[in-house]
Amino acid sequence: MKIAIWTLLFLAAATPAVLYFFQRWRQQRAEREGVAVYATVVSAEPMKRFGRTLPMMKISMWIQEPGGSNRSVTLHSRVEPGQKITAGVRLAVVIDPKNPNRIYPAGPEAAKRVVLTGPRRERRQMRKARY
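A short tour of the structure in this document, coming up.

**A closer look at the sheet that holds strand β1 (residues 35-49)**
Now for step 1: Taken in spatial order, the five strands of this open sheet run β3-β2-β1-β4-β5, and their pairing is antiparallel. What marks the edges here is a single partner per strand, and that holds for β3 (70-78) and β5 (103-105). Strand-to-strand, the axes of this sheet are offset by a mean angle of 45°, without reference to chain direction.
Now for step 2: Pairing analysis gives six bridges linking β1 to strand β4 (residues 90-95), with the strands arranged antiparallel. When the sheet's bridge partners are listed, V37 is paired in β4 with V93.
Now for step 3: With respect to the sheet, helix α1 (residues 2-33) is in contact with β1, β4 and β5, its orientation differing from that of β5 by roughly 85°.

**Details of the packing of aromatic side chains**
Now for step 1: In this structure the tally under the stated criterion is two aromatic pairs.
Now for step 2: Here Y20 and F21 contribute two aromatic rings whose centre-to-centre distance is 5.3 Å and whose plane-to-plane angle is 70°, an arrangement assigned as edge-to-face.

**What to know about the pairing of β1**
Now for step 1: Pairing geometry for β1 and strand β2 (residues 52-64), over nine bridges, is antiparallel. Bridging across to β2, A39 finds its partner in I63.
Now for step 2: Following β1, the chain reverses through two residues before pairing antiparallel with β2; F50 in that reversal takes a positive phi of roughly 55°.

**Notes on the pairing of β4**
Now for step 1: Pairing of β4 with β5, which is carried by three bridges, proceeds in the antiparallel orientation. For I95, the partnering residue across the bridge sits in β5 and is I103.

Criteria and cut-off values
- Residues numbered from 1 in each chain as written.
- Predicted model: local features only at pLDDT ≥ 70, side-chain atom pairs only at ≥ 80, totals over all residues.
- Heavy atoms only, no water.
- Pairing = 2+ DSSP bridges.
- Helix = DSSP H or I, 4+ residues; strand = E, 2+ residues; numbered from the N terminus.
- Axes fitted to C-alpha atoms, helices over the stretch in contact; angles between N-to-C directions.
- Contact = heavy atoms within 4.5 Å.
- Phe/Tyr/Trp six-rings, centres within 6.5 Å; stacked < 30°, edge-to-face > 60°.

What follows is the structure in structure tokens.
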């Protein structure tokens, strides 16, 4: 009986850690192998839980993939305390190669290989801003 209780307690404590490391592994794989594109922020609102504001934001974005398809996605991400994200801002994101519905914020290495999409005039402006 004691062993069963200790086993259940261990599993309850280890499950969140395993899920966290699995999610981090998926994100790192997506940054290495996925397609990096710019996403235009449509709206950003702080997340609340139990009436308290969290250091996370729910960011709704519009993505144009290299194939030409357009879609709207939502990303829940931690935001630095002084960072402001407003509508119209372009953020670098990575599309997971195994599941295109998963979107991750692009790290520094992935941001270097962003594929420019959109109208020609916008691509020129983004190319000038990158250097």
